[in-house]
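Results of the structural survey
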Amino acid sequence: MPPVSVKDVTNKSQEGINLTTKWQIIQVKPNLDEFSQAGRSTYLRVDLEAIWNNIQILKGKCSEKTEVIAVVKANAYGHGSVEVARYLNKCGLFHFAVATALEGKELRENGVTGYIQVLGNCVEEEINMMLKYNLTPTATNLQFIKKWAASIAQHYERVPSNGMLINVDTDWDKPKVVIKVDTGMSRNGCQCKELKSLMEACENNGIPVHSIMTHFAQAWDDPLSTQEQLKRFLEATKSYRCMGVKVHAANSAAIMQGYATDLDFVRPGIAMYGLAPEPTPEAAAMMQTMGLRPALAWIARPCLIKSLDAGRKVGYNQAYRLKQQERIATFSFGYADGYNRLLSGKGVLTDVSGKEYEIVGRVSMDAVTVRVDDSVTVQTPFYVIRDDYNSPNSASNIAQMLDTIPYEIGTSLSIRLPRIYHTKHKDN
Ligand SMILES: Cc1ncc(COP(=O)(O)O)c(C=O)c1O
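Quick notes on the rules
Residue numbering note: each chain is counted from 1, following its sequence as written. In keeping with the predicted nature of the model, local features appear solely for residues at pLDDT of at least 70, side-chain atom pairs appear and are counted solely at 80 or more, and the whole-chain, interface and lining totals rest on all residues. With hydrogens and water stripped out, all remaining heavy atoms of the structure feed into the side-chain values. One speaks of a salt bridge when a side-chain nitrogen belonging to Lys or Arg is within 4 Å of a carboxyl oxygen belonging to Asp or Glu. Here a helix means four or more residues in a row that DSSP labels H or I, a strand means two or more in a row labelled E, and each is numbered from the N terminus. Throughout this description, buried means an accessible area under 20% of the type-specific maximum (1.4 Å probe, protein chains only), exposed means over 50%, and partly exposed covers the range between. Patch definition: residues with relative accessible area over 30% and no salt bridge; like charges joined within 9 Å; nonpolar side chains (Val, Leu, Ile, Met, Phe, Trp, Tyr) joined within 5 Å. The method behind every accessible area is Shrake-Rupley, applied with a 1.4 Å probe, and residues are considered shielded solely by the protein chains displayed. A residue counts as positive if it is Lys or Arg and as negative if it is Asp or Glu; His and the chain ends are not included. A charge is said to be at NZ when it belongs to Lys, at CZ for Arg, at CG for Asp and at CD for Glu. Think of a nonpolar core as a cluster: buried Ala, Val, Leu, Ile, Met, Phe, Trp, Tyr and Cys residues, connected wherever their side-chain atoms sit within 4.5 Å. Contacts between residues were defined by any pair of non-hydrogen atoms, one from each residue, lying within 4.5 Å. Arc definition: directions from the helix axis to the C-beta atoms.

An unreviewed UniProt entry annotates the protein as Alanine racemase C-terminal domain-containing protein originating from Candidula unifasciata.

**Some thoughts on the pattern of salt bridges**
Opposite charge on two side chains makes pairing possible when the charged atoms of those side chains draw close. Counted according to the given criterion, the structure contains 13 salt bridges. With a shortest N-O distance of 3.3 Å, E200 and K196 are connected by a salt bridge. Taken together, the positions of E200 and K196, both in helix α8 (residues 195-204) and four residues apart, correspond to about one turn of that helix. Given a relative accessible area of 37%, E200 falls into the partly exposed group. When its relative accessible area of 53% is taken as the criterion, K196 is described as exposed. The salt bridge involving K355 is made with D373; its shortest N-O contact spans 2.3 Å. Of the two residues, K355 is situated in the loop between β21 (348-351) and β22 (356-360) and D373 in the loop between β23 (368-372) and β24 (382-385); the sequence distance between them amounts to 18 residues. Taken together, the shared-partner salt bridges in this structure form one network comprising R40, D337, D366 and R416.

**A few points about a positive patch on the surface**
Taken together, the side chains of R158, K174, K176 and K246 present a region of like positive charge at the surface. Taking the relative accessible area as the measure of exposure, K176 reaches 37% and is therefore partly exposed.

**Let's talk about the nonpolar core**
If you look at the biggest cluster of nonpolar residues, it comprises 120 residues, and the most contacted ones within it are I51, L88, I179, I212 and Y339. Once residues within four sequence positions are removed from consideration, I51 is found in contact with V46, V84, L88, M272, Y273 and A295. Among the nonpolar cores identified, the runner-up in size contains seven residues, and F35, Y43, I299 and Y383 belong to it.

**Let's talk about α8**
Within α8, burial applies to L195, L198, M199, A201 and C202. Buried residues along α8 cover an arc of 155° about the axis, so they all sit on one side. Those residues of α8 that are exposed and angled more than 90 degrees off the buried face are K196, E203 and N204. Taken together, the buried residues of α8 touch β8 (136-139), α7 (142-155), β11 (177-182), β12 (190-191), β13 (209-213) and α9 (223-242). After α8 finishes, the residue G206 shows a positive phi value of roughly 65°.

Written out as structure tokens, the structure reads:
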């Protein structure tokens, strides 16, 4: 696949980041063969190497001992959790976080190895699945720890000679738990003053604590509250840290802004995929300056192009009326694929040269209509989302248009969209 443009990103633009080699952003042209491979006239192209590159850069912002827990919940923010996690396993990364036990089960059933933490408030209904698939729960209350302990007693036997737990059903590791502390977000987590009782409950029930964590509410742009949360967390965990218990707090925004990057783990999600935590031009510029790059492009070609006369109306509710003769191209994707209906009459597709083409009329469930010029044929590939921070249809710019955040753009991408993965590991 020939590169159409190669931008040189040198170490100069990534001050303080210890990259061993100079690397390049390679933007690849949509390839017509990929439509056949996808079996559809639209697909997502995911550059797995970009994800690995982004992880290295984020890791470069942290202390040397800090390990990365790759957050692959919500289908890896739309990128495909199984493929992403399997690829990262091959790169040597063995720490993952998902939102639910079912997401963890899917990873295990597809061969993902290593630590998989279930974030959020784990509930009793997830316990059997977590034990079966060696998933580490996040506990936020005493009741859960007691139920977790009771279920372990059913699934595990203690070896009398050394007290080790052996799973009677599988050969999984000894089940551990992560304790989550609420340091100011008031969503998930026990209160700081409850931490002691949760830690004691783990000890009394013989459950090893993998780590203690917290989560920041506004690490991107509220240094005061973030520092306060961090201070509370470090105070609450001080005695346990002295005993060697591991701790973690930082999400992407915190890593990028330099909070909690010297703890035992960091938990990046959005920035790992090259998406910005906020939909602002400043955030996109910072991503670019750091050498992060978007891992995903959404590509489509028209299925039908017609010349229509002035006065013709297009789409549901006849929302667009032609003032003159125009060429209208119909693309076979719509809001059921994750192209937001609010982009009706607002969104743009771009061709490989960057030229913009307007969506006209309503976005339907399975189709959108676009005004095109004479150069466009059914073989012309377009970007629906472009993997370039500066493009009007970058995930950030689309998010801004919709008054939302890039997280929602990624996680809205339907499983119906075929995903084609680019990687140097041929067998991924
Ligand atoms: C507890 C926790 N840690 C880490 C992350 C990753 O956050 P981000 O995608 O902002 O890096 C999330 C995502 O929401 C989370 O809930």
